[in-house]
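# An overview of the molecular structure
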Amino acid sequence: MNSFEFWAHMQSYAQMSRLWWFTFAALPAMIVAGGAYLLMAFGLRRKRGAPIIFFWLMVASVPALLTFPSFYVSTSLDAALAQVSFHMPASAQEFPLTSARQIGAALDTLGLYGIVGAALSLVVLFAASLVGEVPVASQYAQHISQAFTKAMTRAVNPGRKGTLSGQHGVLRVIQGSASGTQYVVRSGTIGKQEADILITDTIISRHHARLDVSDAAVRIADIGSTNGTYVVRGGQEYEIPASGFDLAPNDTIFLGPPSMPTAVALTYEKSGA
């Protein structure tokens with residue numbers, strides 16, 4: 001009994017509802033799941049922080065883990081059946097109906113796992129395009145994300161547009177969803193949640209950077225952000241450590257690598273003019 005005869009027998013007698021999955025869909029679904037994992041790994045290459053990388057790689061592995069059993073059955077039927085101590089009968093007459101239905105029920109369950117894995121592969125591709133900055137057929141994903149972050153920024157932003165002034169200067173957003181918004185420079189945190197300066201772009205961490213203001217200087221420090229904090233001064237790029245960096249007028253602060261188009265950029269101006 002060859003594999004074609006086996007599947008024909010299962011279709012006729014085992015009442016399988018997901019036979020199509022094994023004969024047509026399991027192989028391409030496994031390719032997509034594997035590709036989604038590789039894209040996530042590629043997108044995380046610039047990320048910092050082992051827990052974040054580990055978390056997203058674990059998430060990206062779920063579709064492949066769910067899809068692999070049905071893929072294994074579809075490509076290595078004899079070996080897969082041997083794993084459950086069942087050997088391919090010589091003919092359909094030697095294939096008991098009870099055994100066929102038990103195996104059919106088990107294969108239907110594997111097929112369901114595979115379908116769920118295929119659906120999650122699309123979720124991982126979407127996540128990789130946002131979290132990992134991977135340009136995956138996801139201009140739609142980027143548009144959705146940008147629209148969402150703009151709406152969130154408008155809802156929670158304490159900054160304002162127009163002319164603003166402060167004793168120690170202002171920060172003006174020149175790139176990002178809050179572009180054009182200004183913030184008075186004062187001691188506090190910058191981040192997307194529970195921060196003194198709230199900016200909700202995807203690239204920004206919950207607690208991203210901190211400003212420390214004194215009479216002598218305005219200092220910025222990275223506080224363990226995922227994508228880093230940078231200052232560009234006179235064409236020179238500086239990565240900001242946790243120990244801090246003194247700002248000078250006309251410095252450009254980047255939340256996220258300056259080379260990334262989704263990084264948020266703010267200029268430090270000594271006055272609101």
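Right, let's walk through the structure included here. These numbers were taken from a predicted model, which means no experiment stands behind them.

### Topic: the overall build of the protein chain
- Counting secondary structure elements, the protein chain contains six helices and 11 strands.
- Contacts spanning at least 24 positions in sequence make up 54% of the contacts within the protein chain whose residues lie at least 6 apart.
- When the accessible area of the protein chain is evaluated, it comes to approximately 14,100 Å², of which 60% is carbon and sulfur surface.

### Things to note about the pattern of salt bridges
- Applying the stated criterion across every chain yields a total of five salt bridges.
- Arg172 is paired through a salt bridge with Glu269; the nearest N and O atoms lie 2.9 Å apart. Taken as a pair, Arg172 in strand E1 (residues 170–175) and Glu269 in strand E11 (residues 264–269) lie far apart in primary sequence, 97 residues in all.
- Across the pair Arg219 and Asp246 runs a salt bridge, and its minimum N-O distance is 2.8 Å. Separated by 27 residues along the polypeptide, Arg219 in strand E6 (residues 218–222) and Asp246 in strand E9 (residues 245–246) bring together distant segments of the chain.

### Brief notes about the packing of aromatic side chains
- Summed over the entire model, instances satisfying the criterion amount to nine aromatic pairs.
- Judged by centre distance (5.2 Å) and plane angle (75°), the rings of Phe6 and Trp7 are edge-to-face. Across the pair, exposure class does not vary: Phe6 and Trp7 are buried alike.
- Residues Phe68 and Tyr72 carry aromatic rings whose centres are separated by 6.0 Å and whose planes lie at 15° to one another, so their mutual orientation is stacked. Taken together, the residues span about one helical turn, with Phe68 and Tyr72 both in helix H3 (residues 50–75) at a distance of four residues.
- Given a relative accessible area of 40%, Phe68 falls into the partly exposed group.
- By way of ring pairs, the aromatic residues Phe6, Trp7, Phe22, Phe86 and Phe95 are connected into one cluster.

### A closer look at a nonpolar patch on the surface
- A surface patch of nonpolar side chains, amounting to about 470 Å² of accessible area, comprises Val62, Leu112, Tyr113, Val116, Leu120 and Val123.
- The element that contributes the greatest number of residues to the nonpolar patch is helix H5 (residues 97–131), accounting for five residues.
- Along the chain, Leu120 falls in helix H5.

### Quick word on the sheet that holds strand E3 (residues 188–191)
- Across the sheet, which stays open at both edges, the five strands sit in the order E4-E3-E5-E6-E9 with mixed pairing between neighbours. The open sheet has two free edges, formed respectively by strand E4 (197–198) and E9, since each of these has just one partner strand.

### Re the packing of helix H1 (residues 3–13) against H5
- Two elements in contact, H1 and H5, have axes whose closest approach is 10 Å; the angle formed by their N-to-C orientations is 95°. In terms of their interaxial angle, H1 and H5 are classed as roughly perpendicular. Along the contact surface, H1 presents Phe6, Trp7, His9, Met10 and Tyr13, while H5 presents Leu97, Ala100, Arg101, Ile103, Gly104 and Leu107.
- Split by residue class, the contact of H1 with H5 holds eight nonpolar, two polar and one charged.

### A few points about the sheet that holds E1
- Taken together, the six strands give an open sheet; going across it, the order is E2-E1-E11-E10-E7-E8, and neighbouring strands pair in antiparallel fashion. Every other strand in the sheet has two partners, leaving strand E2 (182–184) and strand E8 (236–239) as the edge strands with one partner each. Averaged over all adjacent pairs, the angle separating strand axes in this sheet is 25°, with direction ignored.
- The pairing of strand E7 (residues 229–233) with E8 spans four bridges and is antiparallel. Within E8, the residue paired with Val231 across the bridge is Tyr238.

### Things to note about the packing of H3 against H5
- Closest axis-to-axis distance for the H3/H5 pair is 7 Å, and the angle between their directions is 150°. In terms of their interaxial angle, H3 and H5 are classed as roughly antiparallel. Crossing of H3 against H5: the hand is left-handed. For the pair formed by H3 and H5, the contact residues are Trp56, Val59, Ala60, Val62, Pro63, Leu66, Thr67, Pro69, Ser70 and Val73 on the first element and Leu107, Leu110, Tyr113, Gly114, Val116, Gly117, Ala118, Leu120, Ser121, Val124, Ala127 and Val131 on the second.
- Partitioning the contact of H3 with H5 into residue classes produces 17 nonpolar, five polar and no charged.

Rules used in this analysis
- Sequence order as written defines the numbering, with residues in each chain counted from 1.
- Local features in a predicted model are, by the rule used here, given only for residues with pLDDT of at least 70; side-chain atom pairs are given and counted only at 80 or more, and totals for whole chains, interfaces and linings are based on all residues.
- Here the side-chain values reflect all heavy atoms present in the structure, with hydrogen atoms and water set aside.
- Under the scheme used here, helices are H or I runs from DSSP no shorter than 4 residues and strands are E runs no shorter than 2 residues, and both carry numbers assigned from the N terminus.
- When checking whether two residues touch, look at their non-hydrogen atoms; a contact exists if any pair is within 4.5 Å.
- Per-residue accessibility takes into account occlusion by the displayed protein chains alone, with areas from the Shrake-Rupley method and a 1.4 Å probe.
- Any carboxyl oxygen of Asp or Glu within 4 Å of a side-chain nitrogen of Lys or Arg constitutes a salt bridge here.
- Ring pairs are drawn from Phe, Tyr and Trp, using the six-membered ring of Trp, whenever the two centres fall within 6.5 Å, and their geometry is named by plane angle: stacked under 30 degrees, edge-to-face over 60, tilted for the rest.
- To sort residues, take the accessible area from a 1.4 Å probe on protein chains only and compare it with the maximum for the residue type: under 20% means buried, over 50% means exposed, and anything in between is partly exposed.
- Residues with no salt bridge and a relative accessible area higher than 30% make up the patches, which join like charges within 9 Å and nonpolar side chains (Val, Leu, Ile, Met, Phe, Trp, Tyr) within 5 Å.
- The rule for pairing is simple: two strands pair if DSSP sees at least two bridges between them.
- Axes, fitted as lines to C-alpha atoms, cover a helix only where it is in contact. Angles between the N-to-C directions of the axes lie from 0 to 180 degrees.
- Should an angle lie under 35 degrees it is considered roughly parallel, over 145 roughly antiparallel, and from 65 to 115 roughly perpendicular; all remaining angles are considered oblique.
- Residue type decides the class: Asp, Glu, Lys and Arg count as charged, Ala, Val, Leu, Ile, Met, Phe, Trp, Tyr, Cys and Pro as nonpolar, and the leftover types, Gly among them, as polar.
- Crossing handedness is defined as follows: a turn of the near helix away from the far one that is anticlockwise and smaller than a right angle gives a left-handed crossing, while the clockwise case is right-handed.

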